[in-house]
Amino acid sequence: MDIKIRGAKENNLKSVDIDIGDGLTVVTGISGSGKTSLVFDTLYHEARRRFLDIFRSSSSRVRMPPANVRSLTGIGPTIAVGQNLLNLNPNSTLASASGLHPFFRLLYSRFGTRSCLSCGANLQVLTEDEIVAVIKQKMKKDDVSVTSALIRQTKGSHRTLLELLVTEFGLERVLVDGAAWKKKQLKSDVPHDISIRMGTFTADTKTSQLREAVQTTKALGSNSIAIRDSNSIIVVSMSSVCAQCGSWYGAVEPKHFGMKCIHCGGKTCEKCNYTGLHQKAASVRWKGKSLPELMSLSVAEAYQLFKDVELPSTAKR
Ligand SMILES: [Zn+2]
Ligand SMILES: [Zn+2]
């Protein structure tokens, strides 16, 4: 659709009428002829004003004044790449110049997938409801066995704990180093894993039983649950601790995607997964790509990637 500007009178414009068609349009003219008044103060101003109006209730904040133009049709949401902006900053990209970069940081910090920088395991903190949903999903296809990890790679005989667990849950539910415990004393100078079988769940299992298993895990002070069916195992975590190696990791914020790796200062190194980014941002991927990888795509490639994106379920929270 053509953009039709009628009676533009912003600044020194003398009631200008213009039609702009598809493709690239260049506005040229001598200094002071009104290029900026037409493109920025009329076209962009009006597009932005109308776009922002969608989100604004009539009572909130002061509205932007409309541009001095009789009518303006055929405009959608618009991006202005500021004058001279591109050649000032060597790190400038189309995303930063167009003001989209903050939204990419937000996308990555909220919806990216993280992996542990120590062991590479997928990191995901799930709520009780989400874990129940994961188990249910798996139960549709296969019987699912659920175990809670209590001790991970910790040296000791763990005698008191094991006795307590046997009393509380019964011997058949106590697993040591991945197998049923035979009441044999553990070697105290080697690291051990201890976990509790929460049960095997089938398609008939009630949701309340699943919930109970998750709550029991929490009550035991454990933060990770292993969900196993006949051909796969997933380990989910209820806190910011890697379920596989126990590394602690903090929340990732949009700002971390604007911070450089402390080891290489942004030149890329092994410690930052060759992203040049802050440790917390370094392992975050979205659609399998790190943020620098996304930034290096052409507009056409990025468009393809975003075209079919669906909102993640967590976005509705
Ligand atoms: Zn790890
Ligand atoms: Zn680095």
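Source: prediction; values computed, not measured.

Trainee: Can you help me understand the pattern of salt bridges in this one?
Mentor: Any two side chains of opposite charge can pair, given that their charged atoms come close. Considering all chains together, one arrives at eight salt bridges under this definition. Between Glu-128 and Arg-211 there is a salt bridge, with the nearest N and O atoms lying 3.4 Å from each other. Taken together, the positions of Glu-128 in helix H4 (residues 128–139) and Arg-211 in helix H6 (residues 207–219) put the pair 83 residues apart, joining distant regions of the chain. The partly exposed category is assigned to Arg-211, whose relative accessible area is 28%. Residues Asp-229 and Lys-138 are paired through a salt bridge, measuring 3.2 Å at the closest nitrogen-oxygen approach. Taken together, the residues Asp-229 in the loop between strand S10 (224–228) and strand S11 (233–237) and Lys-138 in helix H4 connect sequence positions 91 residues apart.

Trainee: Sorry, what's going on with the sheet that holds strand S4 (residues 113–115) here?
Mentor: The strands making up a sheet associate through hydrogen bonds between their backbones, and the pairing can be parallel or antiparallel. Strand order in the open sheet made by the three strands is S5-S4-S12, with antiparallel pairing throughout. The sheet terminates laterally at strand S5 (122–123) and strand S12 (284–285), the two strands that pair on one side only.

Trainee: Whenever I open this one, the coordination of the zinc ion (ligand 2) confuses me. Can you help?
Mentor: Tetrahedral metal sites with four donors have an ideal angle of 109.5 degrees; octahedral sites with six donors have ideal angles of 90 or 180 degrees. Protein ligation of the zinc ion (ligand 2) involves Cys-261 (SG), Cys-264 (SG), Cys-269 (SG) and Cys-272 (SG), the donor distances falling in the range 2.2 to 2.3 Å. Coordination geometry of the zinc ion (ligand 2): the four donor atoms subtend angles of 102 to 114° at the metal centre, consistent with an arrangement described as tetrahedral. Sequence positions of the residues that donate to the zinc ion (ligand 2) give the spacing C-x2-C-x4-C-x2-C. As far as the burial class goes, Cys-264 and Cys-269 line up, both buried.

Trainee: What's the story with the domain arrangement of the protein in this structure? I'm lost.
Mentor: Here the protein is partitioned into domain 1 (3–73), domain 2 (94–116 + 251–316) and domain 3 (122–237). Computed over C-alpha atoms, the centres of domain 1 and domain 3 are 63 Å apart.

Criteria and thresholds
Going along each chain's sequence as written, the residues are numbered from 1 onward. Chains and ligands are labelled by the order in which they are written, letters from A for the one and numbers from 1 for the other. In keeping with the model being predicted, local features are shown solely for residues with a pLDDT of at least 70 and side-chain atom pairs are shown and tallied solely at 80 or more, while totals for entire chains, interfaces and linings include all residues. Water and hydrogen atoms were dropped before computing side-chain values, which therefore reflect all heavy atoms in the structure. In what follows, salt bridge is the name for a side-chain nitrogen of Lys or Arg lying within 4 Å of a carboxyl oxygen of Asp or Glu. Only DSSP runs of H or I covering at least 4 residues are called helices, and only runs of E covering at least 2 are called strands; the numbering of each starts at the N terminus. Throughout this description, buried means an accessible area under 20% of the type-specific maximum (1.4 Å probe, protein chains only), exposed means over 50%, and partly exposed covers the range between. Pairing between strands is defined by DSSP: at least two bridges between the two strands are required. The rule for donors is simple: N, O or S, within 2.8 Å of the metal, or within 3.2 Å if the metal is Na, K or Ca. Water isn't counted, so a site may look like it is missing partners. When four donors show all angles between 85 and 135 degrees the site is tetrahedral, when four or six donors have opposite pairs over 155 degrees and all other angles between 65 and 115 it is square planar or octahedral respectively, and in every other case it is irregular. The domain limits used here are those given by an automatic or database domain assignment.

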